[in-house]
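# Overview (structure and organization)
Residues per chain are reported as follows:
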Amino acid sequence: MSPKTHEASPEERAASPAEHAGSTEAGEVESPNLDFAGTTPYEDYVQADVLTHLQHLRSDDPGEMVFLVTTQVMELWFTVIVHEWETAAHALRRDDIPTAQNALKRSLRELEALNASWRPLAQLTPAQFNSYRGALGEGSGFQSAMYRRMEFLLGDKSASMLVPHRGAPRVHAELEKALHEPSLYDEVLGLLARRGHAIPASVLERDLTKRYDPSPEVEAVWTELYSGDEHADLARLGETLTDVAELVWRWRNDHLVATRRAMGSKTGTGGSAGVAWLEKRATKNVFPELWTARSHV
């Protein structure tokens, strides 16, 4: 009888990758390099060690960690979305609609991810939130400089929103620059005017530091575009902007619901009106004529 064939144990089959490092036997895959003189190239690029040590808890409540990390993740998504919208705005200034569309469409996926950030916080009870709310002190989301840059790009501008950042010169300068620059929608309207559409001078030459107000003439332009070829580049741009506006509206409503669930109608952190302020924000549409024009098509 032939000797019994030895069958490799699970431990042998799962041998350390280091045992096979550098192997070039036919059919085998080379293992990655595991030995680096300093930090790994991944760490050098991603700065994961920095990111994962930015959580400085101020209470003993275990729920504070998810609140803090979720808020930090939101800040990172704000940063990416601002980058995309600024890319789109600069492309529109050059009449480069394809580049603008690509950036705006990427931002749709990013807005969806941002909005999903509410899920870990959406089920907070008042007791759970109160257990670490005191750790926030006067901190409030409306003090977020990067979120304010998002709002400015959407045309929702107010010089008073720079006041909380006077003590941070770099942040204040960036916000002041954004306040005086055309919003994403301003760049769209400029493009429409260059294409021969009747955007009034009062819109094109408006004070860019003020909140954008709807214009009947702009509504008429979008009505005309939507009544024509729906596959035309400007009509498709309008639809992508509408997708952005819808996700911004969902963000505001999800924020409202999460806040209402966690703290009811109490005054918000930082002295804001809390739910009452969020309810007012949730009723406002960005790129307003893109919505009202639909009633006339």
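Look up: the structure comes first, before these words.
Heads up: these notes are all about the structure in this document. (Residues numbered from 1 in each chain as written. Predicted model: local features only at pLDDT ≥ 70, side-chain atom pairs only at ≥ 80, totals over all residues. Heavy atoms only, no water.)

## Some remarks on the overall build of the protein
The helix and strand inventory of the protein stands at 14 helices and 0 strands. Taken from the N to the C terminus, the helices and strands of the protein come in the order α-α-α-α-α-α-α-α-α-α-α-α-α-α. Out of the 297 residues in the protein, the part that is buried amounts to 39%. In the protein, once contacts between residues fewer than 6 apart in sequence are set aside, the share between residues at least 24 apart is 70%. In the structure as shown, the protein presents an accessible area of about 17200 Å², 56% of it carried by carbon and sulfur atoms. (Helix = DSSP H or I, 4+ residues; strand = E, 2+ residues; numbered from the N terminus. Buried < 20%, exposed > 50% of the residue type's maximum accessible area, 1.4 Å probe, protein only. Contact = heavy atoms within 4.5 Å. Areas by Shrake-Rupley, 256 points an atom, 1.4 Å probe, with all protein chains shown as cover.)

## Quick notes on empty space enclosed by the protein
Evaluated as defined, the whole model comprises 2 cavities of 30 Å³ or more. Of the pockets and cavities examined, the largest cavity occupies roughly 60 Å³. Together, Glu86, Arg149, Phe152, Leu153, Lys157, Ala178, Glu181, Pro182 and Ser183 line the largest cavity. Top element by residues in the lining of the largest cavity is helix H7 (residues 145–153). It accounts for 3 residues. Looking at the lining of the largest cavity residue by residue, the classes come out as 4 nonpolar, 1 polar and 4 charged. Within this model, the second largest cavity holds a volume of roughly 50 Å³. What lines the second largest cavity is simply Leu111, Leu114, Tyr147, Met150, Glu151, Leu154, Val248 and Trp251. Looking at the lining of the second largest cavity, the elements that each hand over two or more residues are helix H5 (97–116), H7 and helix H12 (233–263). In terms of residue class, the lining of the second largest cavity is made up of 7 nonpolar, no polar and 1 charged. (1 Å grid on protein atoms, 1.4 Å probe; cavity = no way out; pocket = protein on both sides within 12 Å on 5 of 7 lines; lining within 4 Å. Points joined across faces, edges and corners; volume = space filled by probe spheres on them. Nonpolar A, V, L, I, M, F, W, Y, C, P; charged D, E, K, R; others polar.)

## A short note on a nonpolar patch on the surface
Taken together, the side chains of Tyr42, Tyr45, Val46, Val50, Leu51, Leu54 and Leu76 make up a nonpolar region of the molecular surface, amounting to roughly 720 Å² of accessible area. Sorting the residues of the nonpolar patch by element identifies helix H2 (41–46) and helix H3 (48–51) as the ones contributing at least two each. It is H2 that contributes the most residues to the nonpolar patch, 3 residues altogether. One can find Leu76 in helix H4 (residues 64–93). (Patch = residues over 30% accessible without salt bridge, like charges linked within 9 Å, V, L, I, M, F, W, Y side chains within 5 Å. Salt bridge = Lys/Arg side-chain N within 4 Å of Asp/Glu carboxyl O.)

## Description of helix H11 (residues 216–227)
Taking 1.5 Å per residue, 12 residues should reach 16 Å; H11 reaches 16 Å between its end C-alpha atoms and fits that length. Turning to H11, its buried residues are Val218, Val221, Trp222, Thr223, Leu225 and Tyr226. The secondary structure elements touched by the buried residues of H11 are helix H9 (184–194), helix H10 (201–204), H12 and helix H14 (289–292). (Expected span 1.5 Å × (residues − 1).)

## Section: H12
Along its 31 residues, H12 runs 45 Å from first to last C-alpha, staying within 8% of the 45 Å computed at 1.5 Å per residue. Gly264 lies just past H12 and shows a positive phi near 60°.

## Let's talk about the environment of Gln72
Mapped onto the elements of the fold, Gln72 is located in helix H4. Given the relative accessible area of 23%, Gln72 is considered partly exposed. Residues Gln72 and Leu54 lie 18 residues apart in sequence; the distance between their C-alpha atoms is 8.9 Å. Residue contacts for Gln72: discarding those within four places in its chain leaves Leu54 and Gln55. Separated by 3.1 Å, the side chain of Gln72 and the backbone oxygen of Leu54 make a polar contact. Of the polar contacts made by the side chain of Gln72, one reaches the side chain of Gln55; its length is 2.7 Å. (Polar contact = N/O pair within 3.5 Å; in protein donor to acceptor, adjacent residues only side chain to side chain.)

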